[in-house]
Amino acid sequence: MIFMMAGLHSFSQTYDHDYMDGMVYFKFKDNVEVTYPVNEDKSVNLEDAPIIADLIGKYSIESLWRPYDFNNDPKLLRTFKVHFTDYSEVEEIIDDLSKKEVLEYAERVPAHYLDYTPNDELYNLALGNNNWNWQHDVVNSEMAWDITMGDPGINVAIVDGAVWIDHEDLAANVFTSTDVTSPGTTNSNPPTSGDPDAWSHGTHCAGLAVGVTDNGIGIAGLGFNCSLIGVKVTPDNGNPNLVYNGYGGMNWAAANGAHIISMSWGGTGYSQSEQNMVTAVYNQGIVLLGSRGNESSALLRYPSCYDGVIAVAATNETDIKADFSSYGPGTDISAPGGYGESGPQGLLSTIYGTTSLGHYDSYYGTSMATPFAAGLAGLILSLNPDLDPSEVEDILESTADNIDTIPGNASWAGQLGAGRINAYAAVSNTPFTPVAEFT
């Protein structure tokens, strides 16, 4: 059973795999003035919202929220989310809300799942001559670091189930963190109980993007000296593979210093409310990256396929599409996230659990490709922080290596985005004004 969180109540995610049980978005028309008082935790008292007064006795409505308010965007301030306990009422509630003249739309809330497949193979049985930094070799990381080692003033947000900010290979790069499922919590750490491996996904992503580099221990993050914002979006008593409040996490990250937001999760459900959230953040100049998915499918997946998000597919050390990686329409770029030719299945990075190597393990998935590409976006902005998201995306795509002509990709030609990222080419072609630092 997958447990859902709505306010302080738990639910079972059983009604529809692609949409959150017991939740519906609705948005007021742009010309309608909305003055409902909103509490600090973003809830709205039911008695303060006459728009649903006629529904409260008719349906099992228990709470109302205005979940997003980034930059006081007028569309987001007019977007609300109603929670109810009888999941079978969803279509009736949407139908009744849709009849209200002041509302632009009512829609279901998509469910989003983490995009990774962890590799559980014991390291002491698989080290040998394997190249555990194959992803860096493929994209020419060391040559890129000769040009820039990143700027601590560039913040990469990992919006995920949890991010262990106290990890020895992350702590020195942490800018800030939060748990959006628990107001007032100032860290994004996993719960102290439960399976630590199940809660390792976000920590693994963080290491790939901005793991502390050149510190004599652990792994190297592509973003090198860029800083980390950890945003926890799954409650301690929730299913660690389910993203409960990803867009609330995006909202918080955007309002608290993020220059880049990496989202290694998604689902096939589309939401205009979530597209509005993405658009507001994108218009603020924040680079957004999302994992294309692990279904080996051409189906559109969100948030990666929303307008304004860079959708990242996964490739192997040989630049062939990883067998699990999705592809096709909406895919913008590819990045290492699959298997090493010499044996490593995945990318080695930081985790909350423990292996024979300590708090490190190898995972594979588009979840891994996405923060790795986000680390490169960090290097690009380190050279020129004035670039807007479209310019960063253009650099990533225009400098990518063409992988369509590789025989193993014949079936995927034209469906893996602009190609596989090349860190050295990207930073070499980033326009910036050098600053003399000598006397």
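Source: prediction; values computed, not measured.

Parameters and conventions
- Residues numbered from 1 in each chain as written.
- Predicted model: local features only at pLDDT ≥ 70, side-chain atom pairs only at ≥ 80, totals over all residues.
- Heavy atoms only, no water.
- Pairing = 2+ DSSP bridges.
- Helix = DSSP H or I, 4+ residues; strand = E, 2+ residues; numbered from the N terminus.
- Core = buried A, V, L, I, M, F, W, Y, C linked by side-chain atoms within 4.5 Å.
- Buried < 20%, exposed > 50% of the residue type's maximum accessible area, 1.4 Å probe, protein only.
- Contact = heavy atoms within 4.5 Å.
- 1 Å grid on protein atoms, 1.4 Å probe; cavity = no way out; pocket = protein on both sides within 12 Å on 5 of 7 lines; lining within 4 Å.
- Points joined across faces, edges and corners; volume = space filled by probe spheres on them.
- Nonpolar A, V, L, I, M, F, W, Y, C, P; charged D, E, K, R; others polar.
- pLDDT = per-residue confidence, 0-100.
- Disulfide = S-S within 2.5 Å.
- Axes fitted to C-alpha atoms, helices over the stretch in contact; angles between N-to-C directions.

### Description of the sheet that holds strand β8 (residues 112-114)
Sheets are built from strands that pair by backbone hydrogen bonding, the pairs being arranged parallel or antiparallel.
Here is step 1: A sheet is described by the order of its strands in space; here three strands give the open sequence β13-β8-β15, paired in antiparallel fashion. Edge positions in the open sheet fall to β13 (242-243) and β15 (265-266), since each of these has one partner strand only.
Here is step 2: Where β8 and β15 come together, two bridges link them in antiparallel fashion. In the strand pairing of β15, tyrosine 113 is matched with glycine 266.

### Quick word on the nonpolar core
Here is step 1: Membership of the largest hydrophobic core comes to 55 residues, with the highest contact counts inside it found for Ile260 and Leu376.
Here is step 2: Looking at this core, the element that brings in the most residues is helix α9 (residues 366-383), giving eleven residues.
Here is step 3: With residues near it in sequence (within four places) discarded, isoleucine 260 still touches Ile154, Asn155, Val156, Ala157, Ile286, Val287, Leu289, Ala374, Ala377, Gly378 and Leu381.
Here is step 4: Core analysis: the second largest hydrophobic core is formed by 36 residues, Leu242, Met250, Trp265 and Tyr302 among them.

### A look at empty space enclosed by the protein
Here is step 1: Per the counting criterion, the structure on display carries three cavities of 30 Å³ or more.
Here is step 2: In this structure, the largest cavity spans a volume of roughly 90 Å³.
Here is step 3: Lining the largest cavity we find 14 residues, and of these Val109, Tyr244, Asn245, Gly246 and Glu274 sit closest to its centre.
Here is step 4: Of all elements in the fold, only β3 (19-28), β7 (103-110) and α7 (246-255) reach the threshold of two or more residues within the lining of the largest cavity.
Here is step 5: The greatest single-element share of the lining of the largest cavity, amounting to three residues, is contributed by β3.
Here is step 6: A class-by-class count of the residues in the lining of the largest cavity yields nine nonpolar, three polar and two charged.

### Thoughts on the confidence of the model for the protein
Here is step 1: Averaged over all residues, the pLDDT of the protein equals 91, while 93% of them reach at least 70.
Here is step 2: Counting interchain partners and residues more than four positions distant, the pLDDT-below-50 stretch residues 1-13 has 48 contacts.
Here is step 3: Low pLDDT, under 50, characterises residues 117-126; the predicted model gives this stretch 20 contacts beyond four residues in sequence or across chains.

### A few points about the state of the cysteines
Here is step 1: The full count for this structure, using the stated rule, is zero disulfides.
Here is step 2: Cysteine 205 takes part in no disulfide bond, and the closest cysteine sulfur to it belongs to cysteine 226, at a distance of 16 Å.
Here is step 3: Residue cysteine 205 is classed as buried on the basis of its relative accessible area of 1%.

### Examining the environment of leucine 416
Here is step 1: Along the chain, leucine 416 falls in the loop between α10 (389-398) and α11 (423-428).
Here is step 2: Residue classification places leucine 416 among the buried positions, given a relative accessible area of 1%.
Here is step 3: Those residues in contact with leucine 416, other than ones at most four positions away along the chain, are Lys321, Tyr327, Thr331, Ile333, Ser334, Ile403 and Asn409.

### Some details on the sheet that holds strand β17 (residues 309-315)
Here is step 1: Across the sheet, which stays open at both edges, the seven strands sit in the order β11-β12-β10-β14-β16-β17-β18 with parallel pairing between neighbours. Two strands bound the open sheet, and with one partner strand each, they are β11 (174-179) and β18 (333-336). Between one strand axis and the next, the sheet turns through 25 degrees on average, direction left out of account.
Here is step 2: Here β11 runs beside strand β12 (residues 227-232); their pairing, made up of five bridges, is parallel. Pairing of aspartate 179 across the sheet is with lysine 232, part of β12.

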